[in-house]
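Given next are the chains, with one letter for each unit.
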Amino acid sequence: MNMENINIDRRKFIGSASLISIGLLLSQKSVVAQESPVNIIKKAAATAKIEITKLRGNLSVLEGSGGNILVSTGKDGKLMVDGGIGVSKPNMSAALAKLGNAPLKFLINTHWHFDHVDGNLWLHEKGAAIVAHENTLKNMSRTIRVDDWNFTFPPSPKGALPGKTFADKESMTFNGEDIQMRHYAPAHTNSDISVYFPKADVLHVADTWWNGHYPFIDYNTGGNIKGMIAATNHNIGHSSDKTIIIPGHGPIGNRNQLIAYRDMLVHIYDAVKKLKQQGMTVEEVIKAKPTSTFDAKWGTFIIDPTFFTRLVFKGA
Ligand SMILES: [Zn+2]
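Trainee: Summarise the sheet that holds strand E4 (residues 77-81); cite the residues concerned and give the values.
Mentor: The 7 strands lie next to each other as E1-E2-E3-E4-E5-E6-E9, forming an open sheet whose pairing is mixed. One side of each edge strand has no neighbouring strand; the edge strands of this open sheet are strand E1 (51-54) and strand E9 (164-166). The mean angle between the axes of side-by-side strands here comes to 20 degrees, regardless of whether they run parallel or antiparallel. Sheet analysis places strand E6 (residues 129-133) next to E9, joined by 3 bridges and oriented parallel. Looking at the pairing, Ala132 lines up with Thr165 of E9.

Listed below in structure tokens is the structure:
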């Protein structure tokens with residue numbers, strides 16, 4: 001293991017010590033004998049500090065347990081977009097209490113991944129009706145192997161499953177907002193949705209965007225690089241320079257940052273595709289370093305340049 005290669009940045013996600021472990025784990029060719037990053041992330045979440053950032057209107061972001069969580073608080077109660085990791089319950093409860101005593105009414109899941117839905121069970125018990133894309137329900141209801149996480153997810157308990165699902169789009173009025181949910185064609189998974197609050201002009205784009213980092217793409221449940229690019233183009237087309245855009249991971253962002261991300265994805269996709277079409281194997285493409293001009297900015301988090309090249313190659 002080479003510590004020098006893993007220059008983990010210190011932005012909050014799940015605690016830097018665990019990030020280093022995950023980075024090391026994923027940078028190795030064989031992860032079979034290692035503990036899954038899923039277990040490492042869950043362990044770290046037990047003590048993770050939850051940071052609160054107030055946005056416009058009655059919206060706040062909670063960061064620290066799994067993916068970025070958006071919370072609406074007001075006369076109708078609380079609504080969360082994603083629920084973090086289950087073991088964060090004590091710190092998450094305290095963070096929610098800091099946002100006022102309005103009761104929790106709804107939880108929207110942006111996709112099926114554990115770092116976004118693992119808190120479903122306790123949040124449902126606390127009173128949240130769970131809304132998600134139909135593929136989130138399907139994926140949570142069955143056993144799924146995610147090879148790149150070296151983890152087999154068992155079916156979720158009944159109380160954790162979304163009670164209301166939709167196929168294409170859905171809307172609901174809550175705390176004075178006409179909240180818009182829309183399914184992406186397969187991108188990061190087959191279950192990703194965006195959640196838009198028009199009055200506050202705040203858009204949560206799920207894990208189609210990792211702000212400042214190469215993203216994970218889950219080919220085991222239908223994700224692919226072309227879908228990631230298409231989803232990002234859609235997000236750019238449905239936002240303005242005033243829109244606050246919440247990525248699945250990384251800091252709260254804006255449209256210019258999203259455009260830089262799209263340009264990075266397109267550049268690397270084109271480069272990898274060209275090399276693949278020349279007949280190169282994935283190992284040869286990795287050696288050709290098609291990501292090199294982007295690595296300093298994007299390649300220092302969980303998904304390192306080698307891992308990202310593999311993910312792009314699969315779909316190029
Ligand atoms: Zn995800």
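Structure shown, so let's carry the discussion forward.
Trainee: Tell me what's going on with the sheet that holds strand E14 (residues 244-246), and back it up with residues and numbers.
Mentor: The strand order across the open sheet built from 5 strands is E10-E11-E12-E13-E14, with neighbouring strands paired in mixed fashion. Bordering the open sheet on either side are strand E10 (169-174) and E14, each of which pairs with just one other strand. The average angle at which neighbouring strand axes cross in this sheet is 15 degrees, direction not considered. One ladder, built from 4 bridges, connects strand E11 (residues 177-183) with strand E12 (residues 193-197); its direction is antiparallel. Bridge assignment links His183 to a residue of E12, and that residue is Ile193.

Trainee: Which residues make up helix H3 (residues 89-98), and what are the values?
Mentor: Regarding H3, the residues found buried are Met92, Ala95 and Leu96. Axial view of H3: buried residues confined to an arc of 100 degrees, hence all on one face. In H3, the exposed positions angled more than 90 degrees off the buried face are occupied by Pro90, Ala94, Ala97 and Lys98. Here the buried face of H3 lies against E1, strand E2 (59-63), E4 and strand E5 (104-108). Residue Gly100 follows H3 closely and has a positive phi angle near 115 degrees.

Procedures and definitions
Residues numbered from 1 in each chain as written. Predicted model: local features only at pLDDT ≥ 70, side-chain atom pairs only at ≥ 80, totals over all residues. Pairing = 2+ DSSP bridges. Helix = DSSP H or I, 4+ residues; strand = E, 2+ residues; numbered from the N terminus. Axes fitted to C-alpha atoms, helices over the stretch in contact; angles between N-to-C directions. Buried ≥ 20, exposed ≤ 12 C-beta atoms within 10 Å, placed from the backbone. Arc of directions from axis to C-beta. Contact = placed C-beta atoms within 7 Å.

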